[in-house]
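Results of the structural survey
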Amino acid sequence: MKILRLYLLREQTYPFFLGIIFFTFMFSLGNILKLAELFVKRAVGLPYLLKFFWYMSLGSLNFSIPLAIFAATIIIFARFSVDYEISAISSAGINLYSFLFPLLIIGLFLSSLTFYFNNATSPNLQFSSRKMVTELEVESPANLIQEGTFIRDFKNIILFARKVKDKKIFDITIYKFNKGRELSTINAKRGKILSPQKGKVILHLTDGFVQNYDSSHPREYANLRFKSYNFILKKNPIGREKRALSKKTREYTLGELIREKRIWQKKGIKNMEILTEIQKRASFSFAPFIFILLGIPLGIVIKHSGKFLDFTILFLVIFLYYFFSIVGEILGRKFLLPALLWLPNVVFGGVGIFLLTKKVKK
């Protein structure tokens, strides 16, 4: 029995870790666009990009682990079924529950790991990655200058640059205001960002002109040409206040969620956002165990050597699981019963136990 159990765990290991890599990569695809934007438009360095990508990839493990163990379970037990290994074990008088026991223990362990990722690691990493982008804007105002965009993050200034490459900017237009009235417009063919500091940045503009307006005669202006001109941009303090980072509900750790729950309870308010988030995380933490319960009988039922049906059933079940999760969340909010978020676990766990019991009896 010990040899059979080790064989089962060994066979499960390779597809599981392969699934971790695959699903983590799939969840990270959305972040690649963000990385491209940071690299192209904000000209951040490679270490920053790698750190950001690392945060986002680790933050998706709470989703990758359940899906990876489900895929591995279906694939391995489908192969066991095709090779008649399950039949051979049953014919030898070995109790299938005893054979599967270590895998169920692994499921509980992965559920505990997912619980930790859901309630500690993933929220912190999501907040840290969002904080990195925000701090990038605050610490280096130069990074706010994006090509083809009207930038309103500087005090009394609206800036537009048609092209930005590293610290060089081209076809620049700067509108300067006072109390909502336009005082001057600066146009320059080229510019360079000099000495970016916290809260301000100096633009060295070349080959351009300044139009100064008279507030008493709005249609009259003085046109002054220049070959070289240094213009100071100061970070808008109002904009900075708006960017003061506060955590979103999904970025709270479990301890912070419980603390928030108690604060609202003292006020006599049942905060459904907080209660729903707590139940959602607790429910989804059991997904690895539920997927193992369901994956074993589904894999045994699939008696073929091809992989297409395996993945069809895999993605269909995943879709249905998340569909029931959404339905549970909607019903929970409507009827003020966050416990309804356990609906997918009850449905799929029940189906898994029923099918597994049926197969063992055969």
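This structure is a prediction, so every number in the text was calculated from the model and none was measured.

The next point concerns the overall build of the protein. Summing up its helical and strand segments, the protein has eleven helices and six strands in all. The proportion of buried residues among the 362 residues of the protein is 43%. Across the protein, every contact between residues at least 6 apart in sequence was considered, and the portion connecting residues at least 24 apart equals 65%. A total accessible area of about 20200 Å² is found for the protein, and carbon and sulfur atoms account for 64% of it.

As a further point, take unusual backbone geometry. A positive phi angle is found at Asp 171, which is not glycine, with a value near 50°. Locating Asp 171 in the fold gives a position in strand S3 (residues 168-178). The phi dihedral of Asp 207 is positive, around 55°, even though this residue is not glycine. Within the secondary structure, Asp 207 is located in strand S5 (residues 200-214).

For the rest of this paragraph, the subject is the side chain of Asn 118. When you line up the elements, Asn 118 lands in helix H5 (residues 96-139). Exposure remark for Asn 118: the relative accessible area of 7% places this residue in the buried category. A polar side-chain atom of Asn 118 sits 3.2 Å from a polar atom in the side chain of Ser 285. The contact partners of Asn 118, leaving out residues within four places of it in the chain, are Asn 62, Pro 123, Arg 281, Phe 284 and Ser 285.

Attention shifts here to the packing of aromatic side chains. Under the counting rule described, the total for this entry stands at 19 aromatic pairs. The interplanar angle of 70° and the centroid separation of 6.3 Å between the aromatic rings of Tyr 116 and Phe 117 together place this pair among those described as edge-to-face. Where Phe 319 meets Phe 323, the ring centres are 6.4 Å apart and the plane angle is 20°; that geometry is what we call stacked. Pair noted here: Phe 319 and Phe 323 are both in helix H10 (residues 308-334), with a separation of four residues, about one helical turn. Taking the ring centre of Phe 170 as reference, the NZ or CZ of Lys 163 above it sits at 5.7 Å.

What follows deals with the layout of surface pockets. In this model, the largest pocket occupies a volume close to 590 Å³. Taken together, 28 residues form the lining of the largest pocket, with Asn 62, Phe 63, Asn 118, Gln 126 and Lys 280 sitting closest to its centre. Going through the elements one at a time, helix H1 (2-41), helix H2 (46-59), helix H3 (61-82), H5, helix H8 (272-285) and H10 are the ones with two or more residues in the lining of the largest pocket. Counting residues per element, the lining of the largest pocket draws most heavily on H5, which supplies six residues. Taken together, the residues that form the lining of the largest pocket break down as twelve nonpolar, eleven polar and five charged.

Moving on: a positive patch on the surface. Taken together, the side chains of Lys 163, Lys 165, Lys 167, Lys 168 and Lys 192 make up a positively charged region of the molecular surface. With respect to the element layout, Lys 168 can be found in strand S3. When its relative accessible area of 49% is taken as the criterion, Lys 168 is described as partly exposed.

The next thing to look at is the nonpolar core. Soluble, globular proteins show a tendency: their nonpolar side chains are buried together. Within the largest apolar cluster, 45 residues are counted, with the highest numbers of intra-cluster contacts made by Phe 70, Phe 77, Ile 296 and Val 317. Looking at this core, the elements with two or more residues in it are H1, H3, helix H4 (85-91), H5, helix H9 (287-301), H10 and helix H11 (343-361). With 13 residues, H3 is the largest single contributor of residues to this core. The residues contacting Val 317, other than those within four sequence positions of it, are Phe 70, Phe 291, Leu 294, Leu 298 and Phe 348. One finds Ile 172, Ile 186, Ala 188 and Ile 193 within the second-largest nonpolar core, a separate group that totals 20 residues.

Once that is clear, we can look at the pattern of salt bridges. As enumerated under the stated definition, the model contains six salt bridges in all. A salt bridge links Glu 85 to Arg 79; the shortest N-O distance between them is 3.4 Å. Glu 277 serves as the salt-bridge partner of Arg 281, at 3.0 Å between the closest nitrogen and oxygen. Residue Arg 281 and its partner Glu 277 are located together in helix H8, separated by four residues, close to a single helical turn. The same class applies to Arg 281 as to Glu 277, namely buried.

Cut-offs used in this document
- Residues numbered from 1 in each chain as written.
- Predicted model: local features only at pLDDT ≥ 70, side-chain atom pairs only at ≥ 80, totals over all residues.
- Heavy atoms only, no water.
- Helix = DSSP H or I, 4+ residues; strand = E, 2+ residues; numbered from the N terminus.
- Buried < 20%, exposed > 50% of the residue type's maximum accessible area, 1.4 Å probe, protein only.
- Contact = heavy atoms within 4.5 Å.
- Areas by Shrake-Rupley, 256 points an atom, 1.4 Å probe, with all protein chains shown as cover.
- Polar contact = N/O pair within 3.5 Å; in protein donor to acceptor, adjacent residues only side chain to side chain.
- Phe/Tyr/Trp six-rings, centres within 6.5 Å; stacked < 30°, edge-to-face > 60°.
- Lys NZ or Arg CZ within 6 Å of the ring centre and 35° of its normal.
- 1 Å grid on protein atoms, 1.4 Å probe; cavity = no way out; pocket = protein on both sides within 12 Å on 5 of 7 lines; lining within 4 Å.
- Points joined across faces, edges and corners; volume = space filled by probe spheres on them.
- Nonpolar A, V, L, I, M, F, W, Y, C, P; charged D, E, K, R; others polar.
- Patch = residues over 30% accessible without salt bridge, like charges linked within 9 Å, V, L, I, M, F, W, Y side chains within 5 Å.
- Salt bridge = Lys/Arg side-chain N within 4 Å of Asp/Glu carboxyl O.
- Lys, Arg positive; Asp, Glu negative; His and termini not counted.
- Charge placed at Lys NZ, Arg CZ, Asp CG, Glu CD.
- Core = buried A, V, L, I, M, F, W, Y, C linked by side-chain atoms within 4.5 Å.

By themselves, these figures tell us nothing about what the structure is for.
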